[in-house]
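# Summary of structural features
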Amino acid sequence: MNNVSLSDLELWNKVISDDSAAFACLYDRHWAALFKTANYYTQDEHTAEEIVHDVFVTLWQRRKFLNINNFRNYIFITTRYHVLKKIKQGKMSPITYVEHYNESADHQVSNKETERISQSDFEIELKSMLQGLPKRCSEIFYLSRVNQLSNQEIAKTFGISKPSVENQITLALKYLRNKMMNRSG
């Protein structure tokens, strides 16, 4: 049977048995979509290529230990994890990821539990990065960029003016950019 006609799961089972041709087939089948997703989040083609490469290297290295039931969902979640890893390493701005995460149609997966965990990990990482800001500034940024509340809604929540909300978001963005530049430099 030709590898191209096999399902992702059938190919993955062959990969577990060290079939590099099946792995190449999975790579060819999913590389472009993963690159598009990574590039959407990073806005940098070189970084996106690096992320997709890392995803496939990790898959090959860990093939004997991974229990994958839905290959497509797994690799898209893994790709977003690698984007987060780049943020943590200071190789990418968290602002880019936050601004694109909720807009992306590619981040929808059928495995809602895995998606919830991935989102939870992201939120923990973002909260960690925001710890150096005053509490209210951090909360305003989080409500704006993660919960996607409008500046007017945030102003009403805190009983402050809309320009005050805008100033706090600007302060948080500058802080995060500065923090990321210091990490990578």
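This one's a predicted model, so the numbers in the text were calculated from it and none came from an experiment. (Residues numbered from 1 in each chain as written. Predicted model: local features only at pLDDT ≥ 70, side-chain atom pairs only at ≥ 80, totals over all residues. Heavy atoms only, no water.)

### Examining the packing of aromatic side chains
Where two aromatic rings form a pair, the distance of their centres and the angle of their planes describe that pair. Where we set the bar: Stacked, tilted and edge-to-face are the three classes applied to pairs of Phe, Tyr and Trp rings, where Trp contributes its six-membered ring and a pair requires centres within 6.5 Å; stacked means planes under 30 degrees apart, edge-to-face means over 60, and tilted covers the rest. Helix and strand assignments come from DSSP, with helices taken as H or I runs of at least 4 residues and strands as E runs of at least 2, each series counted from the N terminus. Type-normalised accessible area, obtained with a 1.4 Å probe on protein chains alone, sets the label of each residue: buried when under 20%, exposed when over 50%, and partly exposed for intermediate values.
For the structure shown, the criterion picks out five aromatic pairs. Note on Trp31 and Phe35: the rings are 5.1 Å apart at their centroids and 5° apart in plane angle, and the pair reads as stacked. With Trp31 and Phe35 both in helix 2 (residues 20–42) and four residues apart, the pair spans about one turn of that helix. You can call Trp31 partly exposed: its relative accessible area is 26%. With relative accessibility at 15%, the residue Phe35 sits in the buried group. Among the aromatic residues, those joined into a ring-pair cluster are Phe23, Tyr27, Phe56 and Trp60.

### Quick look at the confidence of the model for the chain
Note: predicted coordinates in regions of low pLDDT should not be interpreted at a detailed level. Note the following rule: The pLDDT value tells you how sure the predictor is about a given residue, anywhere from 0 up to 100. By definition in these notes, contact holds between two residues if any of their heavy atoms fall within 4.5 Å.
When pLDDT is averaged across the chain, the result is 77; 72% of the residues are at 70 or more. Considering each helix and strand of the chain separately, the mean pLDDT is smallest for helix 5 (residues 94–101), with a value of 50, and largest for helix 1 (residues 8–16), with 92. Contacts of residues 102–114 to residues separated by more than four positions or lying in other chains number 21 contacts, the stretch itself having pLDDT below 50.

### Regarding the packing of helix 2 against helix 3 (residues 45–61)
Test applied: Lines fitted to C-alpha atoms define the axes here, with helix axes fitted over just the stretch in contact, and angles between the N-to-C directions of these axes take values from 0 to 180 degrees. Left-handed describes a crossing whose near helix is turned anticlockwise from the far helix through less than a right angle; right-handed describes the clockwise counterpart. Only Asp, Glu, Lys and Arg are considered charged in this grouping, and only Ala, Val, Leu, Ile, Met, Phe, Trp, Tyr, Cys and Pro are considered nonpolar; every other residue, Gly among them, is considered polar.
Running from N to C, helix 2 and helix 3 cross one another at 145°; their axes reach a closest spacing of 8 Å. For helix 2 against helix 3, the interelement crossing comes out right-handed. In contact with Ser20, Phe23, Leu26, Tyr27, His30, Trp31, Leu34, Phe35, Ala38, Asn39 and Thr42 of helix 2, helix 3 contributes Glu45, Thr47, Ala48, Glu49, Ile51, Val52, Phe56, Leu59 and Trp60. Here the residues of the contact of helix 2 with helix 3 are counted per class, giving 13 nonpolar, five polar and two charged.

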